[in-house]
There are 2 protein chains.
Amino acid sequence: MADTALDALIEALRRLPGVGQKSAQRVAFHLLQHDRDGARRLAHALDVAAERVHHCARCHTFTEDEVCPVCRDPERDARLLCVVETPADQHALERSGGYRGLYFVLMGRLSPLDGIGAGDIGAAELIERASDGTVQEVILATSFTAEGEVTAHALAQALRSRGLKVTRLARGVPAGSEIEYVDLGTIAHALVDRR
Amino acid sequence: MADTALDALIEALRRLPGVGQKSAQRVAFHLLQHDRDGARRLAHALDVAAERVHHCARCHTFTEDEVCPVCRDPERDARLLCVVETPADQHALERSGGYRGLYFVLMGRLSPLDGIGAGDIGAAELIERASDGTVQEVILATSFTAEGEVTAHALAQALRSRGLKVTRLARGVPAGSEIEYVDLGTIAHALVDRR
């Protein structure tokens, strides 16, 4: 059982977020027993991604190019800049089909307790990016959590002080919800923001 | 967002057991954002393990050698052969400190619904292994689940028909349990097997 190659694999898997000793063992056994091709393919994908993927020079999302395809797309409305925390959030906005502007990806959120400050989320780069003379509105689409709200608040202050128009995603009742089961904080916000 | 290297990585991670689209994204973003060294180390560990790890010729557990260190150990009691489903189960028995015999690892369990039959768990090899003239007792340590019990039952029949002594791990109340909170099936078994 205490083979070096197997132990090294379990150890490397354990470093992944959300993977403990048991899951690492289970994944390692599965790959060795049933899917060595999958193991080799994953190894290759990891190497290629670690080598080639970096941050877009304009929006900071992950890309293999100097500037990502979205930022290069002349069809996008360059007057709108949407600020999101992660590429996954950007992906969700894209799939919603409701947005044709550009993005800025913070790659995190302000979290003083974890030592994540304005420098770590590229606040200065965002302000520079938003001050290019073309951007007319910055839409803050950070999460509606404590840290996401703090991030939105800090960025809004900094951007407004440069004379930029700043908006925030609407808060309200999610589509398909029955009012009875919506949490009270959401109902209160939806009442205040009624239209 | 739709970069080839990143998509390929997410796709490869999704093939892992218990990993869905969201976790695959989260793991990929984490590795690229915070732990490229970890990504490269995992890639290397996967390659090395897929290349070097195979099954022990005697007990079928994972090993890099022809015969695994446990099977080679002259200090182990070769008259006892313990049958387990996985290397993880073998590891648990080893850590219990209560066993000094040898093992046979099925690398699975009978599961007709999943098309896993006697051939897939090496039943014939187990019978041959147990009939070496040295083994005097085969201890069945498969899981106490429906499939584990079916496996134990089928193996016990086959082994006993060759005149081998076959035992099963004791069922009963787990150490540290308060009787009040033990499930009724376990209490019933502990009553029947009282000593």
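From a predicted model like this one, the values you see are computed outputs, not experimental measurements. (Residues numbered from 1 in each chain as written. Chains lettered and ligands numbered in written order. Predicted model: local features only at pLDDT ≥ 70, side-chain atom pairs only at ≥ 80, totals over all residues. Heavy atoms only, no water.)

> Would you take a moment to explain the packing of aromatic side chains for this structure?
Aromatic rings considered in pairs are described by the distance between their centres and by the relative angle of their planes. All told, the structure shown has four aromatic pairs over all chains when counted by the stated rule. A ring pair is formed by Phe 29 of chain A and Phe 62 of chain B, whose centres lie 5.8 Å apart and whose planes are at 25°; its orientation type is stacked. In this pair, Phe 29 of chain A sits in helix α2 (residues 21-34) while Phe 62 of chain B sits in strand β2 (residues 62-63), so the two residues belong to two different chains. For the pair formed by Phe 29 of chain A and Phe 62 of chain B, the shared burial category is buried. Its guanidinium or amino end placed over the ring of Phe 144 of chain A, Arg 168 of chain A lies 4.0 Å from that ring's centre, counting from NZ or CZ. (Phe/Tyr/Trp six-rings, centres within 6.5 Å; stacked < 30°, edge-to-face > 60°. Helix = DSSP H or I, 4+ residues; strand = E, 2+ residues; numbered from the N terminus. Buried < 20%, exposed > 50% of the residue type's maximum accessible area, 1.4 Å probe, protein only. Lys NZ or Arg CZ within 6 Å of the ring centre and 35° of its normal.)

> Teacher, can you tell me more about the interface of chain B and chain A here?
For an interface, size is often stated in terms of accessible area lost upon the parts coming together. On the side of chain A, 45 residues touch chain B, which itself brings 45 residues to the contact. Roughly 4700 Å² is buried in total at the junction of chain B and chain A, and carbon and sulfur atoms are behind 63% of that figure. Connecting chain B to chain A are two salt bridges. The closest approach of N and O atoms between Arg 15 of chain A and Asp 35 of chain B, which form a salt bridge, is 2.9 Å. Taken together, chain B and chain A are joined by 12 residue pairs in polar contact (both at pLDDT 80 or more). Residue assignment for the side of chain B that touches chain A shows that the elements contributing at least two residues are α1 (4-14), α2 (21-34), α3 (36-52), β1 (54-55), β2 and α5 (87-96) of chain B. With 14 residues, the single largest contributor to the side of chain B that touches chain A is α3 of chain B. (Contact = heavy atoms within 4.5 Å. Buried area = accessible area lost by both parts, 1.4 Å probe. Salt bridge = Lys/Arg side-chain N within 4 Å of Asp/Glu carboxyl O. Polar contact = N/O pair within 3.5 Å; in protein donor to acceptor, adjacent residues only side chain to side chain.)

> Can you walk me through the packing of helix α6 (residues 123-130) of chain B against helix α7 (residues 146-160) of chain B in this structure?
Packed helices, taken two at a time, are described by the angle their axes make and the gap between the axes. All names here are of chain B. At a closest axis distance of 10 Å, the pairing of α6 and α7 adopts a crossing angle of 40°. Taken together, the axes of α6 and α7 are oblique relative to one another. Where α6 crosses over α7, the two elements pack in a sense that is right-handed. Residues Ala 123, Leu 126, Ile 127 and Ala 130 of α6 form the contact with α7, whose own contacting residues are Leu 155, Ala 158 and Leu 159. Broken down by class, the residue content of the contact of α6 with α7 amounts to seven nonpolar, no polar and no charged. (Axes fitted to C-alpha atoms, helices over the stretch in contact; angles between N-to-C directions. Parallel < 35°, antiparallel > 145°, perpendicular 65-115°, else oblique. Left-handed = near helix turned anticlockwise from the far one by under 90°. Nonpolar A, V, L, I, M, F, W, Y, C, P; charged D, E, K, R; others polar.)

> Just checking my understanding: could you explain the UniProt feature "domain: Toprim" (unreviewed entry) in chain A for this structure?
The positions UniProt marks with the feature "domain: Toprim" (unreviewed entry) are residues 79-174 of chain A. Along residues 79-174 of chain A the backbone is 35% helical and 20% strand, and the end-to-end C-alpha distance reaches 28 Å. (UniProt positions renumbered as here; feature names shortened; annotations may be inferred.)

> Would you mind showing me how to read the relation of the copies chain B and chain A here?
The operation relating the pair of chain copies consists of a rotation about an axis and a translation along that axis. For the pair chain B and chain A, the superposition axis carries a translation of 0.1 Å, the fit reaches an RMSD of 0.1 Å, and the rotation angle comes to 180°. Accordingly, the operation relating the two chain copies is best matched by a two-fold axis. Within chain B, Ala 43 of chain B has its C-alpha nearest the rotation axis, a separation of 2.0 Å. In this assembly the copies share their binding face: 100% of the residues contributing to the interface of chain B also contribute to that of chain A. (Least-squares fit on C-alpha atoms with pLDDT ≥ 70 in both.)

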